[in-house]
Amino acid sequence: MAPPVRSPGHVAAPGLGGVGESAPRPDGTLKVTGEFAYASDLWMDGMLWGATLRSPHPRALIRSIDIGPALAMPGVRAVLTHEDVPGRKMFGIDHTEDQPVLAIDQVRHEGEPVALVAADHPETARRAMERIAVGYEVLEPITDPRAVIADPEGLKVQDRGGITRHQPVRVGDVAAARAEADVVVSGEYEVGIQDQAFLGPESGLAVPAEDGGIDLYVSTQWIHNDLKQIAPCLGLAEDRIHMTLAGVGGAFGGREDLSMQIHAGMLALHTGRPVKMSYNRYESFFGHVHRHPAQMRYEYGAAADGRLLYADVEIVLDGGAYTSSTKNVTGNAASLGVGPYEIPNIRIDAYGVYTNNPPCGAMRGFGAVQACFAYESMMDKLGDACGLGPVEIRRRNAVSQGSKLATGQVIDSPAPLAGMLARLEAMPMPPPLDPSDLRNLPGGVSQTTHGEGVVRGVGYGVGIKNICFSEGFDDYSTARVRLEVIGGEATVLVHTAAAEVGQGLVTIQAQIARTELGVQRVTIAPADDRAGDAGSSSASRQSYMTGGAVKTACEAVRAGLLALAARRLGRPASADLTATGGKIVSLSDGVLGTIEDVLGDAVIEETREYHHRPTAAMDPVTGQGSSHTQLALCVHRAVVDVDVDLGLVKVVELAAVQDVGKIINRTGVEGQIHGGSAQGLGLAVMEEIVVSDGLVRNPSFTDYLIPTILDMPPMRLDILENPDPAAPYGLRGAGEPPTLSSTPAIVAAIRNATGRPLPRVPVRPEHIVG
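Read on for a plain summary of the structure. (Residues numbered from 1 in each chain as written. Predicted model: local features only at pLDDT ≥ 70, side-chain atom pairs only at ≥ 80, totals over all residues. Heavy atoms only, no water.)

### Some remarks on the overall build of the chain
Move 1: Tallying secondary structure elements over the chain gives 18 helices and 31 strands in all.
Move 2: Here the chain has a C-alpha radius of gyration of 27 Å; the compact-globule value for 770 residues is 27 Å, and the two agree.
Move 3: Of all 770 residues assigned to the chain, the portion counted as buried reaches 60%.
Move 4: Nonlocal contacts in the chain, meaning residues at least 24 apart in sequence, comprise 80% of its contacts between residues at least 6 apart.
Move 5: Looking at the chain as shown, the accessible area adds up to about 27300 Å², and 51% of this sits on carbon and sulfur atoms. (Helix = DSSP H or I, 4+ residues; strand = E, 2+ residues; numbered from the N terminus. Rg over C-alpha atoms; globule rule 2.2 N^0.38 Å. Buried < 20%, exposed > 50% of the residue type's maximum accessible area, 1.4 Å probe, protein only. Contact = heavy atoms within 4.5 Å. Areas by Shrake-Rupley, 256 points an atom, 1.4 Å probe, with all protein chains shown as cover.)

Here it is as structure tokens:
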């Protein structure tokens, strides 16, 4: 059977550029011109189309399923329910198998998969799906996470109870510090459900293999973790499933969990034919997890000079129906719950809760985003109470080298936060916008204002984010690097399973290979499971982890090349040889020959794993422990214009200072900061999945709004390089930190313009004028 038509976009990495240069992206032109093949473009002759029947109810018992009318339709090749799952009926990320492949006896959230259809045409599959008759006994959904905390056994969504994880953090004596505080401020904050809003819907192709296994071409963030979940459910050994990364149209955490992978595999195995599944936009809103909504209570006490004495915090994260990443998101929220500030006495209680609301899991910022909005709002409130400006209150409490986080983890490689704040404050302010150009005004060309009622505000935000996985997880990545002469030219092939999800990882792998081996012709093989596990493209970890693996493998290849050169050139094994600029060079004798001359027909190939330094689990009672590998800081200043009469907001400018340790690709880093800031802007003023009684009210891009080019303002960037000695090249993960600090900075600016408290995001017009 011929392979499917799929993307050529991840194969070659043409052009020059090593570490530190803005090497061009091999997939960039294809994406701009529309030639790049995404997972939804996959095609194979004779393939069937799969569709999923989903529950219309957030909570109900299943009393009956009648698939007969659907099976009787011409062109329908299969209709499957949970009874047809060939292996284990439950799956789940992070070793928590609590999610059914297809609903068994009940549904726990709106959109839960109930049955599958395969047909000759997608429209036939859709119509057949509508003919499946499901008898539901509708139950009252559990939707209030605080009520679950109050009665976790009485309000069960899962058999294990109502609470996924409760993570306390205890430092010092909060009660004693409260008695000594000169200034006490408190607040209650809320973050709505944000969607990853990736433009490429969940899609993939399952192809039966000759050995009774299956080939899967899917858009995912973690090939090997998918494989570990898929194989038991399909009743196959892992080595009988071959997974290849298809073109990914964005991810942001939403592709860490499975979507159509097991379903397409079931249909392909049942029919013996290739099966393609591709969600439409409506279905996509139910087909992946979202950012956890949060309800948070904070109380801070300080001395008269603004120095923090204590923090008393409760964070409640609504994980929805299944566990997904909620345990880890809760750990992140707890460990980073008071931000990058020195506070001697801390009490934090962070909860992850089950409800019948939409399932939530990983999204860019992963628990730290929610906490950052609250603690930064509190810093502004504390500054006002102490008569200090927003920069000064942060400077007086900022962590520095040797400071401890709430978990007791010592900060051993930070950017100087106080210095970052000073650099940000010193940046020029944008000039007033010309009101004669309506595009400059809140409301734009709708002509809601010509400048009257428009007030300018300025706000600041600071965020700290962990990089890589935490709490004792053995996080690693694997790379295979091959050096040989092809067509008379030294060529490097890099093969990893790392998912390119739009972040530019393919480019970075090639840059590292060019730098380490001095060879310009580098090819990046398509990511698949034939390479060792590369971990997830999340947690800002791939440049660190897969970059580290590629670097380590290249170093081993270079050592092999120099050993070969020593033998062929009659040099002792300890000869002072190096490979640079495509040549073998002796430090004492100069150029000895080209890499091509030395290699000849030899091939040097090495595979290496890269592990970061170990971490520890948070203590379940005190929350103490060095739970994070690396920490990264970003600070934002937002300038906004607000029509205080209509509640309309225009973000005029965002300025950011971020430490990235080492710039691997400046254009790529700038893009990450812009992109993270854009998602933070969306959360601040427009993005929210609206849920009522467990039902999603706006599952479309007509009603779920994301920032466009007209909403995203110009940005001023100051990118710092303070190397982390424990990281490859000293780099520091860059993708997530700007998502944290941009949201509170924008909301602070709106508060500054309006005087409104604004304890909830996204901020809506009625919050400003109501």
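### Examining the sheet that holds strand β20 (residues 489-495)
Move 1: Pairing is mixed in the open sheet, where 4 strands are placed in the order β21-β20-β19-β25. In the strand order of this sheet, the two ends are held by β21 (521-524) and β25 (604-611), each with one partner. The mean inter-strand angle of the sheet, taken between neighbouring strand axes irrespective of direction, is 20°.
Move 2: Pairing of strand β19 (residues 476-486) with β20 involves 7 bridges; the strand directions are antiparallel. Opposite Leu483, over in β20, you have Val492 as the bridge partner.
Move 3: Across the face of the sheet, helix α13 (residues 505-517) comes into contact with β19, β20 and β21 while running at roughly 145° to β21. (Pairing = 2+ DSSP bridges. Axes fitted to C-alpha atoms, helices over the stretch in contact; angles between N-to-C directions.)

### Topic: the side chain of Ser540
Move 1: Note that Ser540 resides in the loop between β21 and α14 (542-568).
Move 2: Since its relative accessible area comes to 16%, Ser540 is described here as buried.
Move 3: At 3.0 Å, the side chain of Ser540 and the side chain of Glu736 are in polar contact.
Move 4: Apart from residues no more than four positions distant in its own chain, Ser540 is found in contact with Ile467, Gly733, Ala734, Gly735, Glu736 and Pro737. (Polar contact = N/O pair within 3.5 Å; in protein donor to acceptor, adjacent residues only side chain to side chain.)

### Some remarks on the layout of surface pockets
Move 1: Estimated volume of the second largest pocket: approximately 940 Å³.
Move 2: Around the second largest pocket, the lining is made up of 37 residues, and of these Val649, Lys650, Met686, Leu710 and Asp711 lie nearest the centre.
Move 3: Looking at the lining of the second largest pocket, the elements that each hand over two or more residues are β27 (648-659), α16 (666-685) and α18 (765-769).
Move 4: The biggest single contributor to the lining of the second largest pocket is β27, with 6 residues.
Move 5: Classifying every residue of the lining of the second largest pocket by side-chain character gives 24 nonpolar, 6 polar and 7 charged. (1 Å grid on protein atoms, 1.4 Å probe; cavity = no way out; pocket = protein on both sides within 12 Å on 5 of 7 lines; lining within 4 Å. Points joined across faces, edges and corners; volume = space filled by probe spheres on them. Nonpolar A, V, L, I, M, F, W, Y, C, P; charged D, E, K, R; others polar.)

### Quick look at the packing of α16 against helix α17 (residues 737-754)
Move 1: The contact between α16 and α17 brings their axes to 7 Å, and the two run at 45°. By the angle between their directions, the pair α16 and α17 is classed as oblique. Along this stretch, α16 crosses α17, giving a crossing that reads as right-handed. Contacts between α16 and α17 involve Gln672, Ile673, Gly676, Ser677, Gln679, Gly680, Leu681, Leu683, Ala684 and Val685 from the first element and Pro738, Thr739, Ser742, Thr743, Ile746, Val747 and Ile750 from the second. (Parallel < 35°, antiparallel > 145°, perpendicular 65-115°, else oblique. Left-handed = near helix turned anticlockwise from the far one by under 90°.)

### Quick notes on unusual backbone geometry
Move 1: Cis peptide bonds are those with omega within 30 degrees of zero, and the linkage from Val761 to Pro762 qualifies with 0°.
Move 2: Located in the positive-phi region is Asp693, a residue other than glycine, with phi close to 55°.
Move 3: Within the secondary structure layout, Asp693 lies in the loop between β28 (691-692) and β29 (695-696).
Move 4: Look at Asp693 and you get exposed, because its relative accessible area is 55%.

### Some points on empty space enclosed by the protein
Move 1: Summed over the entire model, instances satisfying the criterion amount to 8 cavities of 30 Å³ or more.
Move 2: Considering only enclosed or pocket space, the largest cavity measures out at about 260 Å³ in volume.
Move 3: The wall of the largest cavity is formed by 20 residues, among which Phe91, Gln99, Leu258, Ser259 and Gly287 lie closest to the centre.
Move 4: At the level of elements, β5 (99-100), α7 (261-271) and α8 (281-287) are the ones that each hand at least two residues to the lining of the largest cavity.
Move 5: Of the volumes computed, that of the second largest cavity is approximately 70 Å³.
Move 6: Ala498, Val506, Ile524, Ala525 and Ala527 are, among the 12 residues lining the second largest cavity, the residues nearest its centre.
Move 7: Broken down by element, the lining of the second largest cavity gets its largest block of residues, 3 residues, from α13.
Move 8: Among the residues forming the lining of the second largest cavity, the class breakdown is 8 nonpolar, 3 polar and 1 charged.

### Here's the deal with the nonpolar core
The nonpolar side chains of soluble globular proteins are, as a tendency, buried together.
Move 1: Among the nonpolar cores identified, the biggest contains 91 residues, and Tyr298, Tyr300, Ile315, Val338 and Ile746 are the most heavily contacted of them.
Move 2: Among the elements that make up this core, the one with the highest residue count is helix α10 (residues 368-386) (11 residues).
Move 3: Other than its neighbours up to four places away in sequence, Ile746 contacts Ala638, Val640, Val651, Leu654, Leu681, Ala684 and Val685.
Move 4: Counting 43 residues, the second-largest nonpolar core is a separate cluster that includes Cys468, Ala510, Tyr544 and Ala566. (Core = buried A, V, L, I, M, F, W, Y, C linked by side-chain atoms within 4.5 Å.)

### Some thoughts on the packing of aromatic side chains
Move 1: Counted under the stated rule, the structure contains 12 aromatic pairs.
Move 2: Between the aromatic rings of Tyr298 and Tyr300, the centroid separation amounts to 6.0 Å while the plane-to-plane angle is 65°, which identifies the pairing as edge-to-face.
Move 3: One aromatic cluster is present, built from ring pairs that chain together Trp222, Phe469 and Phe473.
Move 4: The ring of Phe36 carries Lys31 above its face, with NZ or CZ at 4.9 Å from the centroid. (Phe/Tyr/Trp six-rings, centres within 6.5 Å; stacked < 30°, edge-to-face > 60°. Lys NZ or Arg CZ within 6 Å of the ring centre and 35° of its normal.)

### Quick look at the environment of Ala51
Move 1: Topologically, Ala51 is positioned in strand β1 (residues 48-54).
Move 2: If we ignore the near neighbours within four places in the chain, the residues touching Ala51 are Ala115, Leu116, Val117, Ala125, Met129 and Met277.

### Side note on a negative patch on the surface
Move 1: On the surface, Glu210, Asp211, Glu238 and Asp239 cluster together to form a negatively charged patch.
Move 2: Residue placement: Asp239 occurs in the loop between α6 (223-234) and β13 (241-245).
Move 3: On the basis of relative accessibility, which here comes to 68%, the residue Asp239 falls in the exposed class. (Patch = residues over 30% accessible without salt bridge, like charges linked within 9 Å, V, L, I, M, F, W, Y side chains within 5 Å. Salt bridge = Lys/Arg side-chain N within 4 Å of Asp/Glu carboxyl O. Lys, Arg positive; Asp, Glu negative; His and termini not counted. Charge placed at Lys NZ, Arg CZ, Asp CG, Glu CD.)

### Looking at the sheet that holds strand β18 (residues 454-467)
Move 1: Spatial strand order, β18-β26-β27-β30: 4 strands in an open sheet with mixed pairing. If you trace the sheet from one side to the other, it starts and ends with β18 and β30 (715-720), each paired once. Taken pair by pair, the neighbouring strands of this sheet meet at an average axis angle of 15°, ignoring direction.
Move 2: Here α17 sits on the sheet and contacts β18, β26 (630-643) and β27; the angle it forms with β18, its principal contact strand, is near 155°.

### Observations regarding the pattern of salt bridges
Move 1: Per the counting criterion, the structure on display carries 45 salt bridges.
Move 2: Between Arg63 and Glu137 there is a salt bridge; the shortest N-O distance is 2.5 Å. Of this pair, Arg63 sits in strand β2 (residues 60-66) while Glu137 sits in strand β8 (residues 133-138); the two residues are 74 residues apart in sequence, bridging distant segments of the chain.
Move 3: Taking the relative accessible area as the measure of exposure, Arg63 reaches 56% and is therefore exposed.
Move 4: In this structure Glu137 comes out as partly exposed when scored by relative accessible area, which is 33%.
Move 5: Glu736 is the partner of Lys465 in a salt bridge, and the nearest nitrogen-oxygen pair spans 3.2 Å. You can see Lys465 sitting in strand β18 and its partner Glu736 sitting in the loop between β30 and α17, a full 271 residues away along the chain. Each member of the pair, Lys465 together with Glu736, is buried.

### Brief notes about the environment of Val410
Move 1: Within the fold, Val410 resides in the loop between α11 (390-397) and α12 (417-426).
Move 2: Linking Val410 and Arg170, residues 240 residues apart in sequence, is a C-alpha distance of 16 Å.
Move 3: Excluding anything up to four places from it in sequence, Val410 contacts Gly402, Ser403 and Lys404.

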